[in-house]
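Breakdown of the fold
Spelled out, the chains give:
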Protein chains: 2
Amino acid sequence: MQQYKAPLSDIQFVLEHWLQAPEVWRAIPAYQDVDPELARQVVEQAGRFCSDVLAPLNASGDRQGCRLIDGQVHTPDGFAAAYQAYVQGGWPGLACDPAWGGQGLPQVLDAALQEMLYASNHAWAMYTGIAHGAYLCLNAHAPDWLKARYLPAVVSGEVLPTMCLTEPQAGSDIGLLRCAAQPEADGGYSITGSKLFISGGEHDLTANILHLVLVRLPGAPAGSRGLSLMLVPKWLEQGERNGVQCDSIEHKLGIKGSATCALHFDQARGWLVGEVHGGLAAMFVMMNSARLHVGLQGLGHAEAAWQYAREYALERRQMRAPKRPDQVPSSTADPIHLHPAMRRVLLELRVRSQGMRAIGYWVAHWLDLAAEAVQPPQRERARQLAQLLTPIVKASFTEQGFSLASKALQVFGGYGYTQEFAIEQTLRDSRIAMIYEGSNEIQANDLLLRKVLGDGGEAFALLLEEMREEAAAGLGAAGCGVYADRLAGVCDSLQRVVDDVFGLSALDPEYPYRAAGDFLQLCASGLLAFAWARAARCVMGLAVDDPLRVEKLESAGFFFDYLLPALDYHVAAVRAAEAQLPFLRE
Amino acid sequence: MQQYKAPLSDIQFVLEHWLQAPEVWRAIPAYQDVDPELARQVVEQAGRFCSDVLAPLNASGDRQGCRLIDGQVHTPDGFAAAYQAYVQGGWPGLACDPAWGGQGLPQVLDAALQEMLYASNHAWAMYTGIAHGAYLCLNAHAPDWLKARYLPAVVSGEVLPTMCLTEPQAGSDIGLLRCAAQPEADGGYSITGSKLFISGGEHDLTANILHLVLVRLPGAPAGSRGLSLMLVPKWLEQGERNGVQCDSIEHKLGIKGSATCALHFDQARGWLVGEVHGGLAAMFVMMNSARLHVGLQGLGHAEAAWQYAREYALERRQMRAPKRPDQVPSSTADPIHLHPAMRRVLLELRVRSQGMRAIGYWVAHWLDLAAEAVQPPQRERARQLAQLLTPIVKASFTEQGFSLASKALQVFGGYGYTQEFAIEQTLRDSRIAMIYEGSNEIQANDLLLRKVLGDGGEAFALLLEEMREEAAAGLGAAGCGVYADRLAGVCDSLQRVVDDVFGLSALDPEYPYRAAGDFLQLCASGLLAFAWARAARCVMGLAVDDPLRVEKLESAGFFFDYLLPALDYHVAAVRAAEAQLPFLRE
């Protein structure tokens, strides 16, 4: 079975060259101790954990799946031991405040960790996936006594949190939630109701589990403005079992080693996090972190798919290729990576994975600046950019993760359709990320309706400013002007489209809903152009025959020649949504 | 569990309105008895068999899968009984020569049957899938005594044939096949070697199985010109077991009820079909029929995905839609089909499925004319068109079948990812069709290198002639001129691209290999434009408020507004392949 290997050198390229993160960290008090050597060690150790501990459990966890016996979930063999190693390595607290026992490292290093966790074993990483978001949510919104009681255990990994939103009748529409909470005399609450699709709602990795549950208090307004957030532990302080049970686990297309639980709360004890009826605001802290993480799942699957396909294509021989590099001897059966159709898909896998990595880490980097930059305007700018970029990353990375898994599967021919190779699991596992944490359709509406139209285009203007700055820098550097020039053209297109969208939306309020999906794709395409224009500029300082420079320039060339033409299509598609959409008849 | 229902009314629309098949049949001696009423009954009965017998076994067959016990394959419960019903219904011989016991009906009716078989139960239909191709191959190439011995049993369904090409080292490249045959004194052959990925290589639906096996005779030239085709029955005439065994069955992503076998031939007795070293030509008769069938699998999955998603979207309620039809009361939770993002995907599902149906049946109709038209030039023209269109249908329908299954799954949100709904199986089952019977990359090369460049563009000119004729007819009819006009523009684009491709290929022999995939997509997009321009013209004679007319015009409008913009992208992508593609380094 093929196994994922941590892509350490490209991660270093993004951190050190593309982001120039160490320079930025030097200017930030919170990160002044994070020198490049420390960052490199953290990434290497994270990579070793993912390659050596998690990757070997990926296929076996999928085969075995989870079992629910007498209300107790049994995770696949090895999952619990791997979690112990994860805790002992200090990984849960990587980007948490040292005041709570964390290591206080930048979130961009956590992004690298998350990418590798998901790439090596998506199902396993589901258990830890919400922990950082829950930490942020509790840190920002829980009362001090609740923080003191639970935050150290979240940061150390002694407990694992969950996010309990969905109910059978309420998926994308959390305004329909019914789960109820009654206040009690001691300031606590009694919670009763059912929750569905709760990842890690029950498991055997930790003794205690902390459920963060959206509920409705008596007299709460209808809809999403009437929700409150409760912390509901599986075990109460005095070793008493709380009233929350796992009724069933889902049988799913993929991530079979992750227990997706239907939970039943029956007069469970809980405590308010955030304001009464302010559950949505408190939950959104968690959701935004979770959405970036889900985007990184797409990146992780794309990287894994690229590795698997590359390895197979270098070995498998079929037919004579129409052309081969000079040093390769002629053969009646060439390695299939020489065939143009395979070369195209392999280059696309490489170029999209590496481009997504730069953009995904860029968002995490903005989150770091939003939290820790010295000047408030710097923080505000970073916050706006991170907010704008999050739905693009969530939706477009997950869509690419799945479609690239399918393209990689094609490289294997019939073998790819069998369980002998890892790629069929990648295809299945990657598909969920397009759905959960807000479906990709919800992300598209969030982007266009709220983040672009909703703020009068202010955040979008900041993004274009960043992109135009890159274009200007590239035009000023020798050798990469051709890409910078294309990027400038991309910025002009994006500007025109956004102007059009404002105009059309004013005339027809349904228009942005029809255009949202294509608008998001357009932005994603523009961001990859930005990623590759900058990557090309970054390697200009290297020797002409440096392999990194050669490969990055080939990749940039491939992107602008072969992948950028899709951008004009997305422009046309956003425009095409001007046409009315008929309704279905029943 | 949702279940597929035979889409009888759209099948009738394609046969009677879009193709006007009954009129064509009247002019063909072989089909003069096929009146519209008979055709309608055949389709209805086929639909009933698929909806009532096969669809209920789809999910259970997937769960149970096949088991191999002591060399014997056990198919899922109910599969063998369903096959008996299939045989009793006379379905195996639907489009076979009455001289061998067939019903002599047009292949276009068989195409309708095949679409429904695959849509209702792809795994089951794999057992019967190759039978018609094998019939055509044996009928064209087997010696008379072999025909007399085996053809009646193939036509009645008493035996099921297989197609044995692939070996572990030889997938797309059949030139690498090693399986060997030695001539024997009595005119037969002794066959030894291994074959991989043989669908229905062993099963319990029929007592005997007829393997059609590509082998290499002593002294045969290397490569694909040295192959011969052998017929190798599982059981010999005197009740003696032949030397062919099933070593293992594959564990696969989907079509789990279909036994995909590794077969081992050990001095098995066989007989030559076709010429010595002429196996490829004989096999190609079977492959071309099989490739159209595989295209119909993509259509079947798209239709099933559309049905499932539509049904769910009519029932599921989430959030207030930004707009709703006048007669629908306002609600805080509207049926999700009213939401623009869902309306878009549902319309795309409907418009692509129905458009593919028209094009797929059109190819089958050309096959009928190629075989039975009165005038030889008519037959030759039909043959050229069918040959040209087959790779487009195979690759583009299967790609759409899979991508539409994924789009439909998205409509279900988290539920779509669970095994409670049929759509996750559709996603898994549909994926194989992009790989087998010549991967979609092989189809693209076949189309551009062989079928377009290889014949100097002659067949492609015939296709453009057909499309321009439709545009002219539409421009002459009241009410559908806008679509006809767009179709005329599509024809101009296609003509320009083909001219360019000839020029570029002459300068750079690798160019067509780089452009082939996008060229195929471009043709597929053009064919859907043709399908919808004609569909719009076909309903112009109906009353203005006839529901069929209203729906078809809405669909055509959606196609030209929302889906046609992709055509310009494919044009740009074919052009973009001018750029050189770098080679990977190891």
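A quick note: this is a predicted structure, and the numbers were derived from the prediction, not measured. (Residues numbered from 1 in each chain as written. Chains lettered and ligands numbered in written order. Predicted model: local features only at pLDDT ≥ 70, side-chain atom pairs only at ≥ 80, totals over all residues. Heavy atoms only, no water.)

What follows deals with the overall build of chain A. If you tally the helices and strands in chain A, you get 18 helices and 9 strands. Against the compact-globule benchmark of 25 Å for 586 residues, chain A has a radius of gyration of 24 Å, which places it among compact chains. Across its three principal axes, chain A shows a C-alpha extent of roughly 80 × 60 × 55 Å. Across the 586 residues that make up chain A, the buried fraction comes to 64%. Across chain A, the fraction of contacts at a sequence separation of at least 24, relative to all contacts at a separation of at least 6, is 75%. For chain A, the accessible area works out to roughly 19800 Å², and carbon and sulfur atoms hold 51% of it. Side-chain charges of chain A comprise 48 positive and 65 negative groups, with the mean position of each set lying 5 Å from the other. (Helix = DSSP H or I, 4+ residues; strand = E, 2+ residues; numbered from the N terminus. Rg over C-alpha atoms; globule rule 2.2 N^0.38 Å. Buried < 20%, exposed > 50% of the residue type's maximum accessible area, 1.4 Å probe, protein only. Contact = heavy atoms within 4.5 Å. Areas by Shrake-Rupley, 256 points an atom, 1.4 Å probe, with all protein chains shown as cover. Lys, Arg positive; Asp, Glu negative; His and termini not counted. Charge placed at Lys NZ, Arg CZ, Asp CG, Glu CD.)

Before going further, it helps to spend a moment on the environment of Val-363 of chain A. Residue and element names in this part refer to chain A. Along the chain, Val-363 turns up in helix 10 (residues 340–372). Linking Val-363 and Gln-387, residues 24 residues apart in sequence, is a C-alpha distance of 8.8 Å. Leave out the neighbours within four places in its chain, and Val-363 touches Leu-292, Ala-386, Leu-389, Thr-390 and Val-393.

When chain B is fitted onto chain A, the two copies agree to an RMSD of 0.0 Å after a turn of 180° and an axial shift of 0.0 Å. In symmetry terms, the pair is related by a two-fold rotation axis. If distances are taken from each C-alpha of chain B to the rotation axis, the shortest is found for Tyr-569 of chain B, at 2.8 Å. Looking at the interface residues of chain B, 100% of them are also at the interface in chain A, so both copies use one shared face. (Least-squares fit on C-alpha atoms with pLDDT ≥ 70 in both.)

A few words now on helix 8 (residues 144–156) of chain A. Since the α-helix turns once every 3.6 residues, residues separated by three or four places project in the same direction. Residue and element names in this part refer to chain A. In a regular helix each residue adds 1.5 Å, so 13 residues correspond to 18 Å; helix 8 covers 18 Å between its end C-alpha atoms and thus fits that length. Considered for burial, the residues of helix 8 that qualify are Leu-146, Lys-147, Tyr-150, Leu-151, Ala-153, Val-154 and Val-155. If you follow the buried residues of helix 8, they end up packed against helix 7 (131–141), strand 3 (159–164), strand 6 (208–216), strand 7 (227–233) and strand 9 (260–273). (Expected span 1.5 Å × (residues − 1).)

This part is about the nonpolar core. Nonpolar side chains in soluble globular proteins generally cluster together in the buried interior. In terms of nonpolar packing, the biggest core is built from 365 residues, with Trp-18 of chain A together with Trp-18 of chain B touching the most fellow members. Not counting residues up to four positions away in its chain, the partners in contact with Trp-18 of chain A are Phe-13, Ala-358, Ile-359, Trp-362, Phe-530, Ala-531, Arg-534, Ala-535 and Cys-538 of chain A. (Core = buried A, V, L, I, M, F, W, Y, C linked by side-chain atoms within 4.5 Å.)

As a further point, take the UniProt feature "domain: Acyl-CoA dehydrogenase/oxidase C-terminal" (unreviewed entry) in chain A. This chain's UniProt record puts "domain: Acyl-CoA dehydrogenase/oxidase C-terminal" (unreviewed entry) on residues 278–447 of chain A. Within the segment residues 278–447 of chain A, helix and strand shares are 72% and 0% respectively, and the terminal C-alpha atoms sit 23 Å apart. (UniProt positions renumbered as here; feature names shortened; annotations may be inferred.)

One pass over the structure, following the stated rule, counts 68 salt bridges over all chains. Residue Glu-551 of chain A pairs with Arg-350 of chain A through a salt bridge whose shortest N-O separation is 3.9 Å. Of the two residues, Glu-551 of chain A is situated in helix 17 (residues 547–563) and Arg-350 of chain A in helix 10; the sequence distance between them amounts to 201 residues. You can call Glu-551 of chain A partly exposed: its relative accessible area is 28%. Here Glu-554 of chain B and Arg-585 of chain A are joined by a salt bridge, their closest N and O atoms 2.7 Å apart. Here Glu-554 of chain B is found in helix 17 (residues 547–563), whereas its partner Arg-585 of chain A is found in the segment after helix 18 (565–576) on a different chain. Given the relative accessible area of 22%, Glu-554 of chain B is considered partly exposed. Owing to a relative accessible area of 44%, Arg-585 of chain A belongs among the partly exposed residues under this scheme. Linked by salt bridges that have partners in common, Asp-10, Glu-115, Glu-303, Arg-357 and Lys-552 of chain A make up one network. (Salt bridge = Lys/Arg side-chain N within 4 Å of Asp/Glu carboxyl O.)

The next thing to look at is the interface of chain B and chain A. The interface of chain B with chain A comprises 85 residues on the first partner and 85 residues on the second. Summed over both partners, the interface of chain B with chain A comes to about 7700 Å²; 61% of that surface belongs to carbon and sulfur atoms. The three residues of chain B that bury the most area against chain A are Tyr-417, Phe-583 and Leu-584 of chain B, which together make up 12% of that side's buried surface. Put simply, chain B and chain A have 52 residue pairs in polar contact (both at pLDDT 80 or more) between them. With 8 residues, helix 10 (residues 340–372) of chain B is the largest single contributor of residues to the side of chain B that touches chain A. By residue class, the composition of the side of chain B that touches chain A is 43 nonpolar, 17 polar and 25 charged. (Buried area = accessible area lost by both parts, 1.4 Å probe. Polar contact = N/O pair within 3.5 Å; in protein donor to acceptor, adjacent residues only side chain to side chain. Nonpolar A, V, L, I, M, F, W, Y, C, P; charged D, E, K, R; others polar.)

Time to look at the environment of Lys-256 of chain B. By the element assignment, Lys-256 of chain B lies in the loop between strand 8 (244–249) and strand 9 (260–273). Sequence spacing of Lys-256 of chain B and Arg-343 of chain B is 87 residues, and the spatial spacing of their C-alpha atoms is 32 Å.

Once that is clear, we can look at the packing of helix 13 (residues 440–453) of chain A against helix 15 (residues 481–507) of chain A. All names here are of chain A. Where helix 13 meets helix 15, the axes come as close as 12 Å, and the angle between the chain directions of the two elements is 95°. One element, helix 13, and the other, helix 15, form an angle in the roughly perpendicular class. Between helix 13 and helix 15, the contacting residues are Leu-448, Val-452 and Leu-453 on the first element and Val-498, Val-501, Phe-502 and Ser-505 on the second. A class-by-class count of the residues in the contact of helix 13 with helix 15 yields 6 nonpolar, 1 polar and no charged. (Axes fitted to C-alpha atoms, helices over the stretch in contact; angles between N-to-C directions. Parallel < 35°, antiparallel > 145°, perpendicular 65-115°, else oblique.)

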